[in-house]
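# Residue-level structure breakdown
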Amino acid sequence: MSNSENQSELQATMMNDLKADQRRKMILNLVILALLILAPAVIYATFLMKILCFALFAVAFNLLLGFTGLLSFGHAAFLAAGGYTTGYLLSSYSGLTTEMGIIAGTAAATVLGVLFAIVAIRRQGIYFAMITLALAQLVYFVFVQAPFTGGEDGLHGVPRGHLFGIIDLENNVAMYYFVLAVFIGGYLLVQRIVNSPYGQVLKAIKQNEPRAVSLGYNVDRYKMIAFVISAGLAGLAGSLKTVVFQLASLNDAHWHMSGEVILMTLLGGTGTLLGPVVGATFVVNLEYQLSQGPLGDWVDPILGAIFVLTVMAFRSGIVGEIQNFMRKNMS
C-alpha cells in the first residue's frame, strides 16, 4: 500500500472518529436539554434557577480561565455590577421592561470589563490575578458607599415584571423557562466562540503565549476581547439572579464570590464546556444540603477542603476526568 493510500485511510478514520464524537456530544446535549425542560416537574423551580444563574457565571469565567489561561480574582465585580444595575433600574423606573433592565445590567458589566481590561490585560500570572482582585475590591467599596445600592442592606423587592409585556414572570415556571433560554443562549455563544478561529487563537495563547506573539497575533487584543465577553456574560448572570430572587446584595460583590466561581470551574473541569455547569450544580447543591443539616456552619471549610482536593488529586475536574477515562478506555 502506498503512502498516499495510507494517508487517505488515516484521514478517513480521523473524520469518522470526529463525526462519532460530534454525534455523542449532540446526543448528550439533547438529553441534558430534555432533562432541563422537564426538571421543574420534580425540582423546585427557584432552586433550579439559582443553579442556572451560577452555571452561566461559571461558563463565563471558564472562557477566561479554561480557554485563555487568565485567572481573575475579581469576577464577582461583574456579577454584582449586572445585578445592581438591573435591580436599581427595575425598582426605580416602573415603565422599564424586564428584558431592558437585564440588557442594561449586562451592558454595565461589559463597560466595567473594558475598564478592568485596560488596566490589567498587559499583566500576566499572579500580577494579573492580584490587579483584578484589587480592582474588584474598589468596586466593592463603591457598592458599599453608593446610595443607589442600598449599602449593606442591598436592594430588596426588585419587581420581576412581564417579559415583552406579556408573560408574567412572577410565575416561577415562566421565570424558569426564561432563565433557561438565556442560559442556553450564553452557553451556545461560548461554544461558538471556543470552536471558532478566534477561539483557536485563545487556546494557542493559553498553551504558549510567546509562540502566538511570534506568529504575529496581537495577543493583548485577543485577551482583552475574551475578558470583556466574559465580564458581560457574568453581568448577565448577575442580572438574571437579581430578577429571580428580587434582590441584589453585597454578597455578589464580595471576593468570596470570586473564589466560589473559581471552585465551580476547577471542580467541573477547566477547558471543558460542560465542566463549569457540572461544577456550579455540585457546589450550589452541596451548599444547600449542608446548610439544611448540622454542618451549616462548616460550609466554607468543607468547600475549601474540596478545592484543595480537586487541585491536588483531580486536576482535570469532574468532566475532565471522565473525558480522560473515556479516551483511555475507548481508544
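Above this text sits the structure in question.
Now for a description of the structure that goes with this document. (Residues numbered from 1 in each chain as written. Predicted model: local features only at pLDDT ≥ 70, side-chain atom pairs only at ≥ 80, totals over all residues. Heavy atoms only, no water.)

## Concerning the side chain of Thr 68
As a reminder, the rule being used: By the criteria applied, helices consist of DSSP H or I runs no shorter than four residues and strands consist of E runs no shorter than two, each listed in order from the N terminus. Under the rule applied, a polar contact is a pair of N or O atoms within 3.5 Å (in protein, one hydrogen donor and one hydrogen acceptor; residues adjacent in sequence only if both atoms are side-chain atoms). Should any heavy atoms of two residues lie within 4.5 Å, those residues are counted as being in contact.
One can find Thr 68 in helix 2 (residues 45-68). Separated by 2.9 Å, the side chain of Thr 68 and the backbone oxygen of Leu 63 make a polar contact. With residues up to four places along the chain from it excluded, the contact list for Thr 68 reads Leu 63, Leu 202, Ile 205, Lys 206, Lys 223 and Ala 226.

## Focus: the packing of aromatic side chains
Note the cut-off: Pairing of aromatic side chains requires ring centres within 6.5 Å, counting the rings of Phe and Tyr and the six-membered ring of Trp. Pairs whose planes differ by under 30 degrees are stacked, by over 60 edge-to-face, and all others tilted. Buried means the residue's accessible area, taken with a 1.4 Å probe over protein chains only, is under 20% of the maximum for its type, while exposed means over 50%, and partly exposed covers the values in between.
Inspection of the entire model under this criterion finds ten aromatic pairs. Between Phe 78 and Phe 227, the ring centres sit 5.7 Å apart and the planes meet at 85 degrees, which makes this aromatic pair edge-to-face. Of this pair, Phe 78 sits in helix 3 (residues 76-92) while Phe 227 sits in helix 9 (residues 219-245), and the two are 149 residues apart along the sequence. The exposure class of Phe 78 is buried, given its relative accessible area of 0%. A relative accessible area of 0% means that Phe 227 is categorised as buried. Judged by centre distance (5.4 Å) and plane angle (15 degrees), the ring pair of Tyr 198 and Tyr 222 falls under stacked. Within this pair, whereas Tyr 198 is found in helix 7 (residues 197-207), its partner Tyr 222 is found in helix 9, the two being separated by 24 residues in sequence. An aromatic cluster is defined as three or more aromatic residues linked by ring pairs; in this entry it consists of Phe 78, Phe 116, Phe 128 and Phe 227.

## What about the pattern of salt bridges?
So the rule is basically this: One side-chain nitrogen of Lys or Arg within 4 Å of one carboxyl oxygen of Asp or Glu is enough to make a salt bridge.
What the rule picks out here adds up to three salt bridges. Between Asp 220 and Arg 122 there is a salt bridge; the shortest N-O distance is 3.1 Å. Note that Asp 220 is positioned in helix 9 and Arg 122 in the loop between helix 4 (98-120) and helix 5 (125-145), a separation of 98 residues in sequence. Here Lys 223 makes a salt bridge to Glu 209, at a shortest N to O gap of 3.3 Å. Remark: Glu 209 occurs in helix 8 (residues 209-214) and Lys 223 occurs in helix 9; sequence separation between them is 14 residues. Taking the relative accessible area as the measure of exposure, Glu 209 reaches 18% and is therefore buried.

All we've got here are geometric facts, nothing functional implied.
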